[in-house]
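# Summary of the model geometry
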Amino acid sequence: MGEKPNILYHYCSTDSLVEIIKNKCLWLSDVSQSNDAKEGRLAIDLWSKALKKDYHCTEKQLQLLRRLYDLRMAEITCFGTCFSKHEDRLSQWRGYGEDGTGFAIGFNKEWLNNQSYPKGMRTAQVEYFRESAPHRITLYTPGIEASLPPEKDIDLDAVSKNSHPGVYAHFQTLGTEIPYYIKSNFFHEEHEHRLMYQREQEDEGPPTIHYRTSNNRIIPYIELPLPNDEDGKQIQSIKEIWCGPKNTIPDSTIKGLLGASGFSPKIKIKRSEGSYR
């Protein structure tokens, strides 16, 4: 299957599809709770390696760097939802489409890119890091190194965001979005895009944070409303829906669900071409 430049696919279970359509909203969950144990940590690992190799920073300086990074990351929550640029990919059906019985919702990329509420929400493609090739994130390393104090001036028992403001400032500008848009090359076949929103700990008011359970965990999430596009006056949010290779739900039932919730009758229902059983 060739990729469609104007559509991104959200693989999900049947239950999730029904919830998305009936409630007319997408859930953006706390990405630190994802299936990648390195989520949000790859950036600081890359910076530490570069500082040690290219600038001969000491272990104490690197400990300071990590503690300041952790302080900054503790101040924010990044909410996001994931998409693939591929509509009928076996690995995606297995991992996210309920082992092929679920769906891949084809969202209009134009609609995703036009999301401006809450402020700061944006869609971007995930970059995959290979150990054998330097990542662009290391371009920021010289500035970080220049702000690090000499080892003799570091007291690891008194580290705060105010103790070394020069170092901390880097993470305020670079250490928030970037960590959640880079992943190990191990995940490259997902060809992932993310719709992300960063919330500061001190932020109050909308959007409301909700909570759900998953695999014995409590996951914070926010809701992104989908437009009522039946009348054709707004940008159509969903272009097509793919049914997985094991999905036996009739097209008429899916069309009925969409119509009952006010979605455009132009949404196409398609079937996986895979023989996976």
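The structure displayed is predicted, hence computed values, not measured ones. (Residues numbered from 1 in each chain as written. Predicted model: local features only at pLDDT ≥ 70, side-chain atom pairs only at ≥ 80, totals over all residues. Heavy atoms only, no water.)

### Notes on the packing of aromatic side chains
Under the counting rule described, the total for this entry stands at 9 aromatic pairs. Between Trp 47 and Tyr 69 the ring centres are 6.4 Å apart and the planes differ by 70°, which places this aromatic pair in the edge-to-face class. With a gap of 22 residues between them, Trp 47 in helix α2 (residues 42-55) and Tyr 69 in helix α3 (residues 59-74) connect regions that are remote in the sequence. In this structure, Trp 47 and Tyr 69 share a single accessibility class: buried. Directly above the ring of Phe 263 sits Lys 24, whose terminal nitrogen or CZ lies 5.2 Å from the centroid. Seen from the ring of Phe 187, Lys 183 lies directly overhead, with NZ or CZ sitting 4.4 Å from the centre. (Phe/Tyr/Trp six-rings, centres within 6.5 Å; stacked < 30°, edge-to-face > 60°. Helix = DSSP H or I, 4+ residues; strand = E, 2+ residues; numbered from the N terminus. Buried < 20%, exposed > 50% of the residue type's maximum accessible area, 1.4 Å probe, protein only. Lys NZ or Arg CZ within 6 Å of the ring centre and 35° of its normal.)

### A few points about the packing of α3 against helix α7 (residues 165-173)
Helix packing for two helices is described by the angle between their axes and how far apart those axes are. Between α3 and α7, the shortest axis-to-axis distance is 9 Å and the interhelical angle comes to 45°. On the basis of the axis angle, α3 is oblique to α7. The interaxial crossing formed by α3 with α7 has right-handed handedness. Only Val 167, Tyr 168, Phe 171 and Gln 172 of α7 make contact with α3, whose side of the interface consists of Leu 65, Leu 68, Tyr 69, Leu 71 and Arg 72. A per-class count over the contact of α3 with α7 returns 7 nonpolar, 1 polar and 1 charged. (Axes fitted to C-alpha atoms, helices over the stretch in contact; angles between N-to-C directions. Parallel < 35°, antiparallel > 145°, perpendicular 65-115°, else oblique. Left-handed = near helix turned anticlockwise from the far one by under 90°. Contact = heavy atoms within 4.5 Å. Nonpolar A, V, L, I, M, F, W, Y, C, P; charged D, E, K, R; others polar.)

### What to know about the side chain of Ser 84
As for its position among the elements, Ser 84 is in strand β3 (residues 76-84). By relative accessible area, Ser 84 is classed as buried at 0%. Of note is the side chain of Ser 84, whose polar atom sits 3.1 Å from the backbone nitrogen of His 86. Residues within four places of Ser 84 in sequence aside, it is in contact with Leu 8, Tyr 9, Tyr 11, Gln 92, Glu 190 and His 191. (Polar contact = N/O pair within 3.5 Å; in protein donor to acceptor, adjacent residues only side chain to side chain.)

### Here's the deal with the side chain of Ser 272
In this structure, Ser 272 sits in the segment after β12 (268-271). Separated by 2.8 Å, the side chains of Ser 272 and Asp 88 make a polar contact. If we ignore the near neighbours within four places in the chain, the residues touching Ser 272 are Asp 88, Trp 93, Trp 242, Cys 243, Gly 244 and Pro 245.

### Focus: the nonpolar core
In terms of nonpolar packing, the biggest core is built from 32 residues, with Trp 47, Leu 65 and Phe 171 touching the most fellow members. Contributions of two or more residues to this core are made by α2, α3, β3 and α7. Counting 29 residues, the second-largest nonpolar core is a separate cluster that includes Met 121, Ile 222, Ile 238 and Phe 263. (Core = buried A, V, L, I, M, F, W, Y, C linked by side-chain atoms within 4.5 Å.)

Functional significance is not addressed by these values, which are geometric in nature.
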